[in-house]
Amino acid sequence: MSLCLTARLALLPTRRWFNTVLDDSHLVVHCYLSSLAKREKEGHLFSQLLDMLKFYTGFEINDQTGNALTENEMTTIHYDRITSLQRAAFAHFPELYDFALSNVAAVDTRDALVKLFGPLSSNVLHQVASYLCLLPSLPEGNDTSYEKEFLLELLVSRHERRISQIQQLNQMPLYPTEKIIWDENIVPTEYYSGEGCLALPKLNLQFLTLHDYLLRNFNLFRLESTYEIRQDIEDSVSRMKPWLSEYGGVVFGGWARMAQPIVSFTVVEVAKPNIGENWPMRVRADVTINLNVRDSIKDEWEGLRKHDVCFLVTVRPTQPYGTKFDRRRPFVEQTGLVYVRGCEIQGMLDEKGRVIEEGPEPKPRLKGDCRTYRVFLDPNQYQQDMTNTIQNGAEDVYETFNIIMRRKPKENNFKAVLETIRNLMNTDCVVPDWLHDIILGYGDPSSAHYSKMPNQIASLDFNDTFLSIDHLKASFPGYNIKVTVDNPELQVPPFRITFPITGGKGKKRKEDGNEEKSEEAKTLIVEPHIIPNRGPYPYNQPKRNTIQFTHTQIEAIRAGMQPGLTMVVGPPGTGKTDVAVQIISNLYHNFPEQRTLIVTHSNQALNQLFEKIMALDIDERHLLRLGHGEEELETEKDFSRYGRVNYVLARRLELLREVGRLQESLGVPGDVSYTCETAGHFFLYQVMSRWEEYISKVKVKGGKLPDVTDVSSFFPFHKYFANAPQPIFRGRSYEEDMEIAEGCFRHLKKIFTQLEEFRAFELLRSGLDRSKYLLVKEAKIIAMTCTHAALKRHDLVELGFKYDNILMEESAQILEIETFIPLLLQNPQDGFSRLKRWIMIGDHHQLPPVIKNMAFQKYSNMEQSLFTRFVRVGVPTVDLDAQGRARASLCNLYNWRYKNLGNLPHVQLMPEFRTANAGFLYDFQLINVEDFNGVGESEPNPYFYQNLGEAEYVVALFMYMCLLGYPADRISILTTYNGQKHLIRDVINQRCGNNPLIGRPNKVTTVDRFQGQQNDYILLSLVRTKAVGHLRYVEKNSCTVTEVCFPHQKDVYHTLHKVSTISVHSRTEV
């Protein structure tokens, strides 16, 4: 019931009337006074749900207008309530004169109100409540029927001072403790069945305010991280086997790679609080451990970097030495775990007790095995623990730790993301006006579509998007194409297209019988234009697109170039990445002053996108790749920040050498190629003067064209361009030779323009300052993963990072909050966001964001990406409808998930899509693998599923294919579980890994990891024989078994599984 009430309050349309009903019935007060709420064990879940209900009854929003209330407005409401109570007390209740004459701050706490109103009788309390219109009037001579406890709680809870939501958030520790980690109501186990309710927020289609949106995401992200931390703690501590020694202490009978016993722990600094805060500004401690382990593990511990998160654990085991751990019994009870606290590494201490700073110099080699780390503790948690120790006489937690646990770096960024979300909630989140209501789920879902934006752009240059005029005509079915030139020889790309503009508010033209207006609305004006000559060298020629886009892809490109929100649904093999790259290229050429931010879910997708961007006509000095992963780019060029700095410095020297060559060719004395500044003076006084003199000699005078030979004979830079393909001037026409001359000058001018841009790198001396300048000023296309954006938001905002457009790839795989954060990586300008376009490309029918906990995934709907929510809300999408990656027979297995997914012509025509596969009867096949030696699936460790029979069979099948002549690098082996992945790798090592005739497959990985990749031949092991496992869900079934695997190969697909497992469960599960 409480959950249902909370759901009504969390939606604005129902909140407007329902909150009033709740307030009038005083349901929350009745619930708090109920006997169930007072039972600590049985009423624990009820109390948590009741706290959620109370939170939303007092949420900081105007129920009528839907506007978020500021902290000042909430304070005003509180003061109005308590002053109205004081006026009532002064006028009608003499016994409350002291209360009426006191200042508000002295009487608005719970203790003060209980002290003042507690002595009053029930009848007086009823009269006060009825005067405030909280209860019906009490007839004279009658006693109230309400209990005094209820009347007192009604008045106190309504008038007590509330801590603001922001204050509560700022005082909340970011690290989970043992009380949260093992609370089943907050962090349920993996075996959550879906029955019953939980005290968890939900990600619905609609939210009250941006604060509500961020708060729900904050809590869920924190709890999902807590679940992963719980798994890591349980794994590491159980491996260490803490037992009770015969002397009453703790002895560890095992060891763990990710955890070590603590030799000593000391708090070394507790800094004074900041003004207005009651928690320390900083708390630091020293942790000493003994690294008497293998060198590889020792290197991992010594490699802990600044800001890495570790966990301090206290265990007091009660089990005697040698007791076996039973994973079916509660973990905390077996290990005697008492406390868990988080900490953040500052650095390792050297022999003199100083923190070893990270830098280009190698770290000093320390003697012995003892290592001491300086760590930051959570100030909020420390303050709470010390308060509990002082006031309640509780044990000092920080004197008990005996285990420190680290985590894998890729899974350990939760604290930085939580800090980013909290910082967002402490600032004014300025979202573009055209996006605000859509993000909250209200209003017209199509209001941000380009056709309804008031700032539509009528004329756009599509650059090299179209391959020919026929391609252009086929790309706009239903439109009349009007070309500005009639000569077919001149109707060649690139094309500039002028579109009919609809009303800015989306109002359609009225059908008033005017056929001319109707015809005009369906007419596109196409203007072919010639790209200006860029110079005489072969590398001056622009790179061109070679893909013949379909009409739906063209619509996606057109929408992405216009202002507003563009959503592209791209099934596998439909060219999502090619569309994204073409949008980026067109924005780069149409709006050279604008900057575009590219965000993807994975480094791999970002690298694939970058490699295609490099193949188009985009100057590489404007490209920048942030975060790790750039080393995986299949190119020798380094697009990281420092890689780009090195490129600029090398390019500067190269250009200065060209300036020196130009100076020599012109016979100008001096050293003008020493710096960018001297080169600029040389261009202004020597190059420009010669060019202006040349133009004056060859320009058209009196309508008469000069002789064509004059263009070449007067040209002042012949000697410089002597290394270009000769002859430079063809002498066929004046116009042609003048265009060549101007192209040569453009080549020269570009040299000096780049040097002027690089001039700042001469003034900035450090690599850090140069990289910051590159990010803020020089780069036009900046790429990063969504995780990097969440981690580095504070740094980017501090630098003054600016951008105008966002393009997101793999949008359906990105968590809702990690999709939202990239919108706010810059400070607003004059209170408004400068964001003009948001292009989201993804496929909500494929894998959703990875959420490990089933309760958060299904109950809280955390696996719903923002892309998926927009689709469900009804935001218009462009659905790509032609795939060119898989055989038609394979496409038929998954095209039912899409509206009108078909095949590109080459799928039906090219021989590699039509020829049979040697040694196989079918294109795809489910192979029944019976239990091997009576054993099907096994589980050597929790959730670590393996199937030896399938592993042996899939490797044997791989070897069979290699012996038939199939290249090993064109075969990938996938599975649905990590345990099976490791088992298959072990079998390959034993059977064929070192055999030069067979080798290893291209990939042995899980389906989730293979998302977005492709190969010609796929072998899939489904592992489970006792239960269905991942095939239980339609999303997993269609995404992992079809949309991830089938589309990524042209030829063959084989699935290994036990048929009975599918057939037994097919009616209810699949």
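Our subject is the structure that appears above.
Just so you know, these numbers come straight off a predicted model, no measurement behind them.

1. Considering the environment of Arg110
Counting through the fold element by element, Arg110 comes out in helix α9 (residues 110–117). Distance in space between the C-alpha atoms of Arg110 and Ser157 is 7.7 Å, their sequence separation being 47 residues.

2. Focus: the sheet that holds strand β9 (residues 459–461)
One open sheet accounts for four strands, arranged β9-β11-β12-β10; its pairing is mixed. At either margin of the open sheet sits one strand with a lone partner, and together these are β9 and β10 (480–483). When strand polarity is set aside, the average angle formed by the axes of neighbouring strands in this sheet is 25°. Note that β9 and strand β11 (residues 495–498) share three bridges and pair antiparallel. Its bridge partner lying in β11, Ser459 is registered against Thr498.

3. Section: the packing of helix α25 (residues 641–666) against helix α29 (residues 767–778)
Between α25 and α29, the least distance of the axes is 9 Å, while the angle of their chain directions is 90°. The orientation of α25 relative to α29 falls into the category roughly perpendicular. Contacts between α25 and α29 involve Arg641, Tyr642, Arg644, Val645, Val648 and Leu649 on the former and, on the latter, Gly767, Leu768, Arg770, Ser771, Lys772, Leu774 and Leu775. In the contact of α25 with α29, the residues fall into seven nonpolar, two polar and four charged.

4. What to know about the pairing of strand β25 (residues 971–975)
For a regular strand, side-chain orientation follows a simple rule: the groups alternate between the two sheet faces. With respect to burial, β25 is a largely interior element, five of its five residues being buried. Because side chains alternate across β25, one face comprises the buried residues Ile971, Ile973 and Thr975, and the other comprises Ser972 and Leu974, equally buried. Strand direction decides the pairing type here: β25 and strand β27 (residues 1017–1021), joined by five bridges, are parallel. Of the residues in β27, the one forming a bridge with Ser972 is Ile1018. Bridging between β25 and strand β26 (residues 1003–1006) involves four bridges; their strand directions are parallel.

5. Digging into the pairing of strand β6 (residues 337–348)
Across the 12 residues that make up β6, a large majority, 11, are buried. Examined bridge by bridge, strand β5 (residues 309–315) and β6 share seven bridges and lie antiparallel to one another. Among the inter-strand pairings, Phe311 is bridged to a residue of β6, identified as Gly342.

6. Focus: the sheet that holds β6
On the basis of which strands lie adjacent, the closed barrel formed by six strands has the order β3-β4-β7-β6-β5-β8 and antiparallel pairing. Adjacent strand axes in the sheet meet at a mean angle of 45°, parallel and antiparallel pairs treated alike.

7. A short note on the side chain of Thr550
Structurally, Thr550 can be placed in the loop between β12 (523–528) and α22 (551–561). Of the polar contacts made by the side chain of Thr550, one reaches the side chain of Thr552; its length is 3.1 Å. Every residue in contact with Thr550, bar those within four places of it in the chain, is listed here: Ala882 and Leu904.

8. A closer look at helix α28 (residues 734–763)
The end-to-end C-alpha separation of α28 is 44 Å, in line with the 44 Å expected for 30 residues at 1.5 Å each. Glu757 marks the point of greatest bend in α28, at about 35°. For α28, the N-terminal capping position is held by Ser733, with its side-chain oxygen 3.1 Å away from the main-chain nitrogen of Glu736.

9. So, helix α2 (residues 12–25)
For α2, built from 14 residues, the straight-helix expectation of 20 Å at 1.5 Å per residue is met to within 8% by its first-to-last C-alpha distance of 20 Å. Considering bend angle alone, the principal kink of α2 is centred on Phe18 and spans about 30°. Every buried residue of α2 is accounted for by Leu12, Arg15, Phe18, Asn19 and Leu22. Within two residues after α2, His26 carries a phi angle of roughly 55°, on the positive side.

10. A word on a nonpolar patch on the surface
Nonpolar side chains collect at one region of the surface, where Phe90, Tyr97 and Leu101 lie side by side and expose about 340 Å² of accessible area between them. Along the chain, the position of Leu101 falls in the loop between α7 (97–100) and α8 (104–107).

11. A few points about the pattern of salt bridges
What the rule picks out here adds up to 55 salt bridges. With a closest N to O distance of 3.1 Å, Arg239 and Asp235 form a salt bridge. Of the two residues, Arg239 and Asp235 both sit in helix α14 (residues 210–240), four residues apart, roughly one turn of that helix. Residue classification places Arg239 among the partly exposed positions, given a relative accessible area of 42%. When salt bridges that share partners are traced, they join Asp619, Arg621, Lys750, Glu757 and Glu778 into one network.

12. As for the nonpolar core
Judged by nonpolar contacts, the single largest core of 147 residues is most densely connected at Ile233, Leu565, Phe752, Phe820, Trp838 and Phe870. Tallying contributions element by element places α14 first for this core, with 13 residues. When sequence neighbours within four positions are dropped, the list of residues in contact with Leu565 reads Trp434, Leu435, Ile438, Ala448, His449, Trp838, Met840, Phe870 and Val875. Among the nonpolar cores identified, the runner-up in size contains 43 residues, and Leu587, Phe610, Leu623 and Ile839 belong to it.

13. Remarks on the state of the cysteines
Taken as a whole and judged by the stated rule, the model has zero disulfides. Just so you know, Cys992 is unpaired, no disulfide at all, and the nearest cysteine sulfur is the one on Cys962, 7.0 Å from it.

14. Some remarks on unusual backbone geometry
For the peptide bond that leads from Pro493 to Pro494, omega is 5°, which places it in the cis range. The topology assignment puts Pro494 in the loop between β10 and β11. Omega for the peptide link from Gln726 to Pro727 comes to -5°, which places this bond in the cis form. Notably, Glu810 is not glycine yet its phi reads approximately 55°, a positive angle. With respect to the helices and strands, Glu810 occurs in the loop between β17 (805–808) and α31 (816–820). Of note, the phi angle at Asp830 is positive, near 55°, even though the residue is not glycine. Checked against the element boundaries, Asp830 lands in the loop between α31 and β18 (837–842).

15. Let's talk about the packing of aromatic side chains
The description of an aromatic ring pair uses the distance of the two centres, along with the angle that the planes make with each other. A complete count under the given rule lists 44 aromatic pairs for this structure. For the ring pair Phe99 and Phe117, a centre distance of 5.2 Å and an interplane angle of 70° mean the geometry is edge-to-face. Residue Phe99 is found in helix α7, and its partner Phe117 is found in helix α9; the two are separated by 18 residues along the sequence. Comparing Phe99 with Phe117, the two get one shared label, buried. Between Tyr175 and Phe414, the aromatic rings sit 6.4 Å apart at their centres with planes inclined by 75°, giving edge-to-face as the arrangement. With a gap of 239 residues between them, Tyr175 in the loop between α12 (165–170) and α13 (178–181) and Phe414 in helix α18 (residues 414–425) connect regions that are remote in the sequence.

16. A closer look at the environment of Thr975
Topologically, Thr975 is positioned in strand β25. Judged by its relative accessible area of 1%, Thr975 falls in the buried class. In this structure, the C-alpha to C-alpha distance between Thr975 and Arg162, residues 813 residues apart in sequence, is 52 Å. When sequence neighbours within four positions are dropped, the list of residues in contact with Thr975 reads Gln980, Lys981, Ile984, Thr1005, Thr1006, Val1007, Leu1020, Ser1021 and Val1023.

Scoring rules and cut-offs
- Note that residues are indexed from 1 along each chain, following the sequence as it is written.
- In view of the model being predicted, local features appear only for residues whose pLDDT reaches at least 70, and side-chain atom pairs are presented and counted only at 80 or more, with totals across whole chains, interfaces and linings using the full set of residues.
- The side-chain values count all of the structure's non-hydrogen atoms but skip hydrogen atoms and water molecules.
- Under the scheme used here, helices are H or I runs from DSSP no shorter than 4 residues and strands are E runs no shorter than 2 residues, and both carry numbers assigned from the N terminus.
- Here, any two strands with at least 2 DSSP bridges between them count as paired.
- Between N-to-C directions, angles cover 0 to 180 degrees, with each direction set by a line fitted to C-alpha atoms, over the stretch in contact for helices.
- Here is the rule for angles: anything less than 35 degrees is roughly parallel, anything more than 145 is roughly antiparallel, 65 through 115 is roughly perpendicular, and the remaining ranges are oblique.
- Whether two residues are in contact is decided by their heavy atoms: any pair within 4.5 Å suffices.
- Classification used: nonpolar for Ala, Val, Leu, Ile, Met, Phe, Trp, Tyr, Cys and Pro, charged for Asp, Glu, Lys and Arg, polar for all others including Gly.
- Categorising residues by exposure relies on relative accessible area from a 1.4 Å probe, with only protein chains included: less than 20% of the type maximum marks a residue as buried, more than 50% marks it as exposed, and the intermediate range marks it as partly exposed.
- Here a polar contact is recorded for every N or O atom pair within 3.5 Å, except that within protein the pair must consist of a potential hydrogen donor and a potential acceptor, and residues adjacent in sequence are included only if both atoms are side-chain atoms.
- Working rule for helices: expected span equals 1.5 Å times residues minus one.
- One axis is fitted to the seven residues ending at the residue and one to the seven starting there. The bend at that residue is the angle between these axes.
- What makes a patch is a set of residues exposed beyond 30% relative accessible area and free of salt bridges, joined within 9 Å when like-charged and within 5 Å when nonpolar (Val, Leu, Ile, Met, Phe, Trp, Tyr).
- Here, Shrake-Rupley sampling with a 1.4 Å probe gives the accessible areas, and only protein chains in the shown set may cover a residue.
- Any carboxyl oxygen of Asp or Glu within 4 Å of a side-chain nitrogen of Lys or Arg constitutes a salt bridge here.
- In this text, buried Ala, Val, Leu, Ile, Met, Phe, Trp, Tyr and Cys residues form a nonpolar core when linked through side-chain atoms within 4.5 Å.
- Two cysteine sulfurs form a disulfide in these notes if their separation is within 2.5 Å.
- To pair, rings of Phe, Tyr and Trp, with the six-membered ring standing in for Trp, must have centres within 6.5 Å; the planes then decide the type, stacked if under 30 degrees apart, edge-to-face if over 60, and tilted in the middle.

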